[in-house]
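# Survey of secondary and tertiary structure
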Amino acid sequence: MKLLVFAVAAAWGLALLASAAIVEHTFHIENKIVKRMCHEQVIVVANGQFPGPTIHVTEGDNVIIHVLNNSPYNITLHWHGIYQRFTSWADGVEYITQCGIRNGHKFTYKFKVIGQEGTLFWHAHSFGLRATLHGAFIIHPRNGRYPFPKPYHQVPIILGDWYDTNFLDALEDALVVGGVAVSNAYTINGFPGDLFNCSQNQTFKMKVKHGKTYLLRIINAALNNNLFFKIANHKFTVVATDASYTKPYVTDIIILAAGQTLDVLFKADQPTGSYYMAASPYGVGMPPDLFDGTMTRGIVVYDGHNTRASRPIMPLLPPFFDTPTSFKLFSNLTSLIGAPHWVPVPPNVDERMFITVGIGLDMCPANVNCMGPLNQKFSANMNNESFVLPKGKGKSILEAFYYNVSGVYTTDFPDNPPTVFDYTYGNLTFNVSLIHSPKSTKVKKLKFNSTVEIVFQNTGVLKAQSHPMHIHGHSFHVLAQGFGNYNAVRDKKKFNLVNPQVRNTVAVPAGGWAVIRFQANNPGVWFVHCHVDDHQVWGLATAFVVENGPTPETSLPPPPADLPKC
Ligand code: C2O
């Protein structure tokens, strides 16, 4: 449904009179039986679809989504990467910005999409429900023009994962023993692909015309893994990351950390035939215990090709632990100066934080056989604080902030780790002070419009893993990334202050660090967390509470009347 109102939009330096519309959807959330890999599973879906419906908007549009929850779980939906300026109430994070929509209840998310275009996605932000409750969120340019030649067609490619078991039960069990629920297959647009039993007809197929260029809108919606993606014999040109345009970057392979998106141009310029597209994990550690080591694939078929004539050509993917390839792809992207919505790096820093991110352990409850080393539970932390959601407090953090209620959270999240140590290489497994982090609900307060610079330093206290750090309500510049312990004197020289890539999720390298900078221009409460679901649940999270600005226009409005009660 589209209603037209008029607004003035500036595009490519021209002031154009353009129309902003209302994009309205209703999502019915319910259980559904879906068959994959020879078995039926009950999963939670929106409008009967897996993956869920794609939302198309034009930059500047108002979005209204009515969510009716008929599933047995408490649900929230989050619009991953949308700035939500002055609409923190619509960010959809359970216990952070709202309580879950209960069974039989509904809530309407209302927000405006402004200052960004490209590919994002929406997903459930309560328990593990985002495994099956997610979909693409595509923001089209207001003037219809891209900073690259107009593609012939656009194709969303959602990478996900599949659990050949009752996933939500398995996840609950995993939580008790402090371990992980490992998926059984990755998926492309919901299909595991023809390497799996009963999956010959559950393979994504993309038809192409020879000589045409396609815009692939690729999303990594998998719960716990970074994924390599390749199409045999073809090249990609990366043109956007996390809905920010990049300088065109040509490569034959891409990688997406959990929570990241990439827009890539793909030209069907090879001999008429069929070619596999394939995704496999980038992980440090070992499958099958710690992650799913399988490969998913789909098929690109050229018009006029007789699919019986030959088998599709298969691409060669890198080994799971290929950190050099992953680092190259993550670190070589730059933003496109002057592109729509491009912002220069804010020059003066008001707040500096140095935040360690890593995995540790937690004591095992009595009479339980825990899955982590030393028969303990896995835990995770930021600056040695292991975050717990304020369950059972009757209010989300945002409500507590807005109504000035104490006892839900504290504002003493530290700017630095409690101890300085050899973060990446120390063999500290038995140093109890570093391996056990206190559980807390500590957040960091930020002044409105302050410029924040953060060094995320990965730790190897238990095991080094890549952590895709995601910040809600803001995108940030990625100034530099590297390995070892961050050294301010040496590594400042590596900062790209001219055209750094802009992200909402940065993959902090295993055994390394990343430096980001952003302006806290949006009052409200913004979750900050590792987008690997397990790590977030183990405590690799905090929140930024951005204070109101000086005027009513720069302050957070009151909550919508239908905000779910706890
Ligand atoms: Cu897609 Cu809190 O994240």
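These numbers come from a predicted model, not from an experiment. (Residues numbered from 1 in each chain as written. Predicted model: local features only at pLDDT ≥ 70, side-chain atom pairs only at ≥ 80, totals over all residues. Heavy atoms only, no water.)

Summarizing the sequence annotation, UniProt attributes the feature "domain: Plastocyanin-like" (unreviewed entry) to residues 30-143, 154-304 and 412-549 in the numbering used throughout. Structurally, residues 30-143 comprises 0% helix and 46% strand, and the distance from its first C-alpha atom to its last is 37 Å. (UniProt positions renumbered as here; feature names shortened; annotations may be inferred. Helix = DSSP H or I, 4+ residues; strand = E, 2+ residues; numbered from the N terminus.)

For the rest of this paragraph, the subject is the sheet that holds strand S17 (residues 254-256). Backbone-to-backbone hydrogen bonds pair the strands of a sheet. The strands run either parallel or antiparallel. Sheet architecture is open: five strands sit in the order S12-S20-S19-S14-S17, paired in mixed fashion. With one partner strand each, in any of the chains shown, strand S12 (205-208) and S17 form the two edges of the open sheet. Neighbour-to-neighbour, the strand axes of the sheet open up by a mean angle of 25 degrees, direction not taken into account. Of the strands in this sheet, strand S14 (226-231), S17 and strand S19 (274-282) are in contact with helix H2 (residues 323-331), which crosses S17 at around 85 degrees. (Pairing = 2+ DSSP bridges. Axes fitted to C-alpha atoms, helices over the stretch in contact; angles between N-to-C directions. Contact = heavy atoms within 4.5 Å.)

A word on the environment of glycine 48. Here glycine 48 shows up in the loop between strand S3 (39-46) and strand S4 (55-58). Note on glycine 48: relative accessible area 23%, which makes it partly exposed. Discounting chain neighbours no more than four positions away, the residues touching glycine 48 are Glu30 and Lys32. (Buried < 20%, exposed > 50% of the residue type's maximum accessible area, 1.4 Å probe, protein only.)

Where burial is concerned, most of strand S21 (residues 351-362) is hidden: 10 out of the 12 residues are buried. The sheet contact formed by S21 and strand S26 (residues 450-458) spans seven bridges and is parallel. Following the sheet pairing, phenylalanine 354 is matched in S26 by valine 455. Pairing between S21 and strand S22 (residues 377-382): six bridges, direction antiparallel. Within the sheet, the bridge partner assigned to valine 357 lies in S22 and is methionine 382.

Ranked by size, the top nonpolar core spans 54 residues in total, and within it Ile29, Leu77, Trp79, Tyr109, Phe111, Leu133 and Phe137 carry the most contacts. Core analysis: the second largest hydrophobic core is formed by 47 residues, Val452, Phe476, Val528 and Leu540 among them. (Core = buried A, V, L, I, M, F, W, Y, C linked by side-chain atoms within 4.5 Å.)

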